[in-house]
Amino acid sequence: MLIPGTQMHIVTFFFVSIEIVIFFYLLIYRLARPDDKTTYLNITLIFLLIIYNVASGLLPDVNMPGTLFMQLSLAYATGFITPCYFPYYVYKAFSLEKMKFHAFKGVYIFLVLPYYLFVIIFAATNNIENAKNLLIVPVLYALWVIISMAKAIKFKYNNDFSGKKSKEEMIVLMLSLTPWVMLPVIDFLNLGQVVEACITNAGFLALFALQMNRHIKEVRTEHERLIVSEKELLNWNSSLQIEVNKRTKDLEIINEQRTNTLVNLAHETKTPLTLINNYLEEYISNNNHSEEIEFVRRSLQKLSTDITNLFDVEKFNRGFGIYDHTQVCNFSEILNDNILLFSAYAKERNIEIKKSVTKDIVIKADPLAIN
């Protein structure tokens with residue numbers, strides 16, 4: 001049964017429809033996973049099958065443009081090109097290193113060159129039957145490819161066919177290539193389009209099914225690995241959080257110890273400072289007042305204030321309010337004290353210090369500005 005208006009049988013159309021669906025699925029998958037190189041090989045394989053089925057199904061047809069010679073040449077070209085791709089496909093997709101010669105050289109010598117001779121003889125004799133005699137070359141070459149492929153599979157698995165994967169690969173690759181050996185025989189015996197379409201497409205679809213089955217297993221394994229990785233990541237995050245909490249607690253303890261050390265040091269320092277200050281006040285009351293003694297007294301008071309500030313820092317860290325923001329600072333006194341401090345060093349180096357400080361410059365803190 002033919003498709004109305006064409007020479008294509010319904011069986012051939014059925015295979016073409018299936019392969020078109022597969023072709024567009026692979027294109028979408030290729031866009032989603034551009035790093036998957038195997039998908040590109042499958043896309044090319046399905047595309048060549050579609051071209052082969054369409055050309056062999058529609059041609060020759062007197063209702064289509066082109067001469068009979070052109071139509072038959074095109075139809076036979078697709079029959080030669082598709083087998084040319086097969087050695088390269090198995091070499092790349094199944095990593096059969098021993099198929100390298102056939103993938104890059106053998107097909108050109110034993111398939112492409114015979115096709116050109118086929119066209120030349122057909123053009124010279126105008127008789128397709130004479131040209132068909134050359135089909136014996138692809139048949140013999142296909143037998144050579146089958147033998148080479150068997151050796152390549154044995155080499156790949158080190159002659160170990162005890163596993164399911166190696167047996168499956170050997171059987172499917174042989175079944176996918178064998179129909180193409182029979183293609184010239186089918187054509188020579190004129191067994192018809194249905195037989196040709198069923199045999200050739202079944203072989204390649206079986207090959208494609210094997211490749212997709214492996215691909216599905218790889219995707220599933222990858223998915224399971226991601227799930228395991230996600231669980232490991234959650235466990236790692238949980239362990240990391242525990243470790244962070246532990247380290248945070250350790251830092252808090254260290255900080256507490258540091259603070260306690262500073263507070264204890266401040267306590268131990270404040271007591272002798274108080275004694276020194278008391279003796280100094282007594283000395284000043286019993287002796288003449290001098291600028292140097294006054295500087296020492298103010299310095300002791302400043303040191304006592306700094307010690308008190310250490311206690312204030314601890315109170316602040318514990319959340320207590322400690323600042324009244326109403327302190328008064330005599331800036332002139334601060335400048336005079338610093339000048340007096342450096343006067344002795346300047347005198348030793350014969351440096352004269354000149355000063356002009358306005359008396360009693362008082363600065364009062366602004367609570368609003370500080371807040």
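Predicted model only: the values in this text are computed from it and were never measured.

Describe the packing of helix 1 (residues 10–32) against helix 2 (residues 37–58), and please don't skip the residues or the numbers.
Direction vectors running N to C along helix 1 and helix 2 enclose 155 degrees, while the axes themselves pass 9 Å from each other. Classified by the angle between their axes, helix 1 and helix 2 sit roughly antiparallel to one another. When the axes of helix 1 and helix 2 are compared, the crossing they make is left-handed. Between helix 1, through Thr12, Phe15, Val16, Glu19, Ile20, Ile22, Phe23, Leu26, Leu27, Tyr29 and Arg30, and helix 2, the contact on the second element is made entirely by Lys37, Thr39, Tyr40, Asn42, Ile43, Ile46, Phe47, Leu49, Ile50, Asn53, Val54 and Gly57. Here the contact of helix 1 with helix 2 is built from residues that sort into 15 nonpolar, 5 polar and 3 charged.

Which residues make up the pattern of salt bridges, and what are the values?
Counted according to the given criterion, the structure contains 2 salt bridges. The closest approach of N and O atoms between Lys132 and Glu129, which form a salt bridge, is 3.7 Å. You can call Glu129 partly exposed: its relative accessible area is 38%. In this structure, Glu243 engages Arg247 in a salt bridge whose closest nitrogen and oxygen atoms are separated by 3.0 Å. With Glu243 and Arg247 both in helix 8 (residues 193–286) and 4 residues apart, the pair spans about one turn of that helix.

Tell me about the nonpolar core, and name the residues and values.
Counting residues in hydrophobic clusters, the biggest one holds 56 residues, and the most contacted among them are Tyr89, Phe94, Leu96 and Met149. For this core, the elements supplying multiple residues, two or more each, are helix 1, helix 2, helix 3 (68–93), helix 4 (100–125), helix 5 (128–131), helix 6 (136–156), helix 7 (164–189) and helix 8. Looking at this core, the element that brings in the most residues is helix 3, giving 11 residues. In terms of nonpolar packing, the next biggest core, distinct from the first, is built from 6 residues, Leu273, Leu280, Ile284 and Ile307 among them.

Quick one: what's the story with the confidence of the model for the protein, residue by residue and with numbers?
Of the residues in the protein, 87% have a pLDDT of 70 or more, and the chain-wide mean is 79. Across the protein, element-level confidence peaks in helix 4 with a mean pLDDT of 91 and bottoms out in helix 11 (residues 367–370) with 42. Within the model, pLDDT remains below 50 along residues 366–371, and this stretch shows 4 contacts once partners closer than five positions in the same chain are excluded.

Mind laying out the side chain of His9, listing which residues take part and the relevant values?
Among the structural elements, His9 can be located in the segment before helix 1. Of note is the side chain of His9, whose polar atom sits 3.1 Å from the backbone nitrogen of Val11. Contact partners of His9, with chain neighbours within four places excluded, come to Met1, Leu2, Ile3, Gln193 and Val194.

Please set out the packing of helix 3 against helix 4 residue by residue, giving values where relevant.
Each pair of packed helices can be summarised by the angle the axes make with each other and by the distance between the axes. Contact geometry of helix 3 with helix 4 gives a least axis separation of 8 Å together with a crossing angle of 170 degrees. As judged from the angle between their axes, helix 3 and helix 4 are roughly antiparallel. Touching Phe69, Leu72, Ser73, Tyr76, Ala77, Phe80, Pro83, Cys84, Pro87, Tyr88 and Tyr91 of helix 3 are Lys100, His102, Ala103, Phe104, Val107, Leu111, Val112, Tyr115, Phe118, Val119, Phe122 and Ala123, all from helix 4.

Kindly report on empty space enclosed by the protein, identifying the contributing residues and their values.
If you walk through the whole model with that rule in mind, you get 1 cavity of 30 Å³ or more. Taken as a whole, the largest cavity encloses approximately 40 Å³ of empty space. Forming the walls of the largest cavity are Leu26, Tyr29, Asp36, Thr38, Thr39, Asn42, Met212 and His215. Within the residue set of the lining of the largest cavity, elements represented by two or more residues are helix 1, helix 2 and helix 8. Looking at which element gives the most residues to the lining of the largest cavity, the answer is helix 2, with 3 residues. Here the residues of the lining of the largest cavity are counted per class, giving 3 nonpolar, 4 polar and 1 charged.

Summarise a nonpolar patch on the surface; cite the residues concerned and give the values.
On the surface, a cluster of nonpolar side chains totalling about 410 Å² of accessible area is made up of Phe101, Tyr108, Ile109 and Trp144. Looking at which element gives the most residues to the nonpolar patch, the answer is helix 4, with 3 residues. Topologically, Ile109 is positioned in helix 4.

Tell me what's going on with the packing of aromatic side chains, and back it up with residues and numbers.
Enumeration according to the criterion identifies 19 aromatic pairs in this entry. Ring plane angle 90 degrees and centroid distance 5.8 Å describe the contact between Tyr88 and Phe104, whose orientation is recorded as edge-to-face. Highlighted residues: Tyr88 in helix 3 and Phe104 in helix 4, separated in sequence by 16 residues. Owing to a relative accessible area of 27%, Tyr88 belongs among the partly exposed residues under this scheme. Looking at Phe104, the relative accessible area reads 40%, which means it is partly exposed. Taking the centre distance of 6.3 Å and the plane angle of 65 degrees together, the rings of Tyr89 and Phe94 count as edge-to-face. As far as the burial class goes, Tyr89 and Phe94 line up, both buried. Taken together, Phe69, Tyr76, Phe80, Tyr115, Tyr116, Phe118 and Phe122 form an aromatic cluster joined through their ring pairs. One residue, Lys98, lies across the ring of Phe155, its end atom 4.6 Å from the ring centre.

Reading the values: rules and limits
- Residues numbered from 1 in each chain as written.
- Predicted model: local features only at pLDDT ≥ 70, side-chain atom pairs only at ≥ 80, totals over all residues.
- Heavy atoms only, no water.
- Axes fitted to C-alpha atoms, helices over the stretch in contact; angles between N-to-C directions.
- Helix = DSSP H or I, 4+ residues; strand = E, 2+ residues; numbered from the N terminus.
- Parallel < 35°, antiparallel > 145°, perpendicular 65-115°, else oblique.
- Left-handed = near helix turned anticlockwise from the far one by under 90°.
- Contact = heavy atoms within 4.5 Å.
- Nonpolar A, V, L, I, M, F, W, Y, C, P; charged D, E, K, R; others polar.
- Salt bridge = Lys/Arg side-chain N within 4 Å of Asp/Glu carboxyl O.
- Buried < 20%, exposed > 50% of the residue type's maximum accessible area, 1.4 Å probe, protein only.
- Core = buried A, V, L, I, M, F, W, Y, C linked by side-chain atoms within 4.5 Å.
- pLDDT = per-residue confidence, 0-100.
- Polar contact = N/O pair within 3.5 Å; in protein donor to acceptor, adjacent residues only side chain to side chain.
- 1 Å grid on protein atoms, 1.4 Å probe; cavity = no way out; pocket = protein on both sides within 12 Å on 5 of 7 lines; lining within 4 Å.
- Points joined across faces, edges and corners; volume = space filled by probe spheres on them.
- Patch = residues over 30% accessible without salt bridge, like charges linked within 9 Å, V, L, I, M, F, W, Y side chains within 5 Å.
- Areas by Shrake-Rupley, 256 points an atom, 1.4 Å probe, with all protein chains shown as cover.
- Phe/Tyr/Trp six-rings, centres within 6.5 Å; stacked < 30°, edge-to-face > 60°.
- Lys NZ or Arg CZ within 6 Å of the ring centre and 35° of its normal.

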